[in-house]
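As a plain string of letters, each chain reads:
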Amino acid sequence: GDSVTQMEGPVTLSEEAFLTINCTYTATGYPSLFWYVQYPGEGLQLLLKATKADDKGSNKGFEATYRKETTSFHLEKGSVQVSDSAVYFCALFRTGNQFYFGTGTSLTVIP
Amino acid sequence: SAVISQKPSRDICQRGTSLTIQCQVDSQVTMMFWYRQQPGQSLTLIATANQGSEATYESGFVIDKFPISRPNLTFSTLTVSNMSPEDSSIYLCSVVRGTQPEAFFGQGTRLTVV
C-alpha cells in the first residue's frame, strides 16, 4: 500500500544553517506530494506541494522537488531561522484515496 | 481554502468518562477525516465521516470506542468513549478540498486522560 518514509529527528540547527529533511514514498500511480508544518500548539498547515514528476514546490524559502526516479521529495532550505522551529510532515495523496503522512521531523533552530 | 474550527482545544478527563470533540467547517464538504496524533508520532487516520451515512473506520478503530456523527455537510463530532490514559493524544479533524487536493486541519484537541 501507499506509505511515506521520513527522516527521523529531532534535528537541531543553528540559525542560517542549511536544512535537508529526507522523504521517500511508495505508491501506485502518480500521487501528489506535500510538506506540512505544525507549529507548537497548532494544527498542520500546508507548506508546499508538487503534483507531478519534476515539479518543484516552494514557499517561505523552503523547496522540494518531486523525483519519480528516486521516489523522493526532500525538503530543503538554504538558511533556517528560529521561527522555522516546528514539526515537518511529508505526505502523499492519490485521487479517490486518503492522505498518508510520514512520522514527522521535529526541527529546532537555535540562535 | 477551508477554515476549520475545532473544540475544545484541550481537556483533561478522568478515566472511564467520554469526551466529544466538535469540528465546524466554513463551507460544505463531502468527507471529513478524524486523525489521532500520539506524542512523537505521525497522524493515524481513525475514520472518514460522510454526511448521511455511517463513518468508515480504519483498522484498529471501532465505532463503540470512537462514535462519529455527521449531521450536515459542515459539521462533525468525534466522541472518545470510556477513556483510558492510552487515549491521551491530539485529535485532529481534516477536510480535503480543491482540484489539486489539499488537506486542511483544525487546530487539534489535546486530550489528557488521568
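As the structure is a computational prediction, the values presented were derived from the model and not from experiment.

Let's talk about the overall build of chain A
Then, number 1: Counting its regular elements, chain A contains zero helices and 12 strands.
Then, number 2: The secondary structure elements of chain A, listed N-terminal to C-terminal, are β-β-β-β-β-β-β-β-β-β-β-β.
Then, number 3: Relative to the compact-globule value of 13 Å for 111 residues, chain A shows a C-alpha radius of gyration of 13 Å, a close match.
Then, number 4: Across its three principal directions, the C-alpha atoms of chain A cover 45 × 25 × 20 Å.
Then, number 5: The buried share of chain A, taken over its 111 residues, is 44%.
Then, number 6: Counting only contacts in chain A whose residues sit at least 6 apart along the sequence, the fraction spanning at least 24 positions is 55%.

Some remarks on the interface of chain B and chain A
Then, number 1: Listed per partner, the contact involves 17 residues of chain B and 17 residues of chain A.
Then, number 2: Surface buried jointly by chain B and chain A totals about 1,400 Å² across both partners, of which 57% is contributed by carbon and sulfur atoms.
Then, number 3: Where chain B meets chain A, there are zero salt bridges.
Then, number 4: Elements with a contribution of two residues or more to the side of chain B that touches chain A: β4 (31-37), β5 (43-50), β9 (89-97) and β10 (102-105) of chain B.
Then, number 5: Ranked by the residues each element gives to the side of chain B that touches chain A, the list is headed by β10(B), at three residues.
Then, number 6: Considered class by class, the residues forming the side of chain B that touches chain A number eight nonpolar, seven polar and two charged.

Brief notes about the packing of aromatic side chains
Aromatic ring pairs are reported here in terms of the distance separating the ring centres and the angle at which the planes meet.
Then, number 1: Applying the stated criterion across every chain, the model contains 14 aromatic pairs over all chains.
Then, number 2: Aromatic pair A:Phe93 and A:Phe99: ring centres 4.7 Å apart, planes at 35°, arrangement tilted.
Then, number 3: A relative accessible area of 8% means that A:Phe93 is categorised as buried.
Then, number 4: Geometrically, the ring pair formed by B:Phe66 and B:Tyr91 is tilted, given 6.5 Å between the ring centres and 45° between the ring planes. Pair noted here: B:Phe66 is in the loop between β6 (56-57) and β7 (68-72) and B:Tyr91 is in strand β9, with a separation of 25 residues, a long-range link. Note on accessibility: B:Phe66 and B:Tyr91 belong to one class, buried.

Some remarks on the sheet that holds strand β3 (residues 19-25) of chain B
Residues and elements named next belong to chain B.
Then, number 1: Pairing is antiparallel across the open sheet formed by four strands, whose spatial order is β1-β3-β8-β7. Looking at the sheet topology across the chains shown, the edges are occupied by β1 (4-7) and β7. Adjacent strand axes in the sheet meet at a mean angle of 15° when their direction is disregarded.
Then, number 2: Across three bridges, β7 lies against strand β8 (residues 75-80) in antiparallel orientation. Considered in β8, the bridge of Ser69 is made with Thr77.

Cut-off values and rules
- Residues numbered from 1 in each chain as written.
- Chains lettered and ligands numbered in written order.
- Predicted model: local features only at pLDDT ≥ 70, side-chain atom pairs only at ≥ 80, totals over all residues.
- Heavy atoms only, no water.
- Helix = DSSP H or I, 4+ residues; strand = E, 2+ residues; numbered from the N terminus.
- Rg over C-alpha atoms; globule rule 2.2 N^0.38 Å.
- Buried < 20%, exposed > 50% of the residue type's maximum accessible area, 1.4 Å probe, protein only.
- Contact = heavy atoms within 4.5 Å.
- Buried area = accessible area lost by both parts, 1.4 Å probe.
- Salt bridge = Lys/Arg side-chain N within 4 Å of Asp/Glu carboxyl O.
- Nonpolar A, V, L, I, M, F, W, Y, C, P; charged D, E, K, R; others polar.
- Phe/Tyr/Trp six-rings, centres within 6.5 Å; stacked < 30°, edge-to-face > 60°.
- Pairing = 2+ DSSP bridges.
- Axes fitted to C-alpha atoms, helices over the stretch in contact; angles between N-to-C directions.

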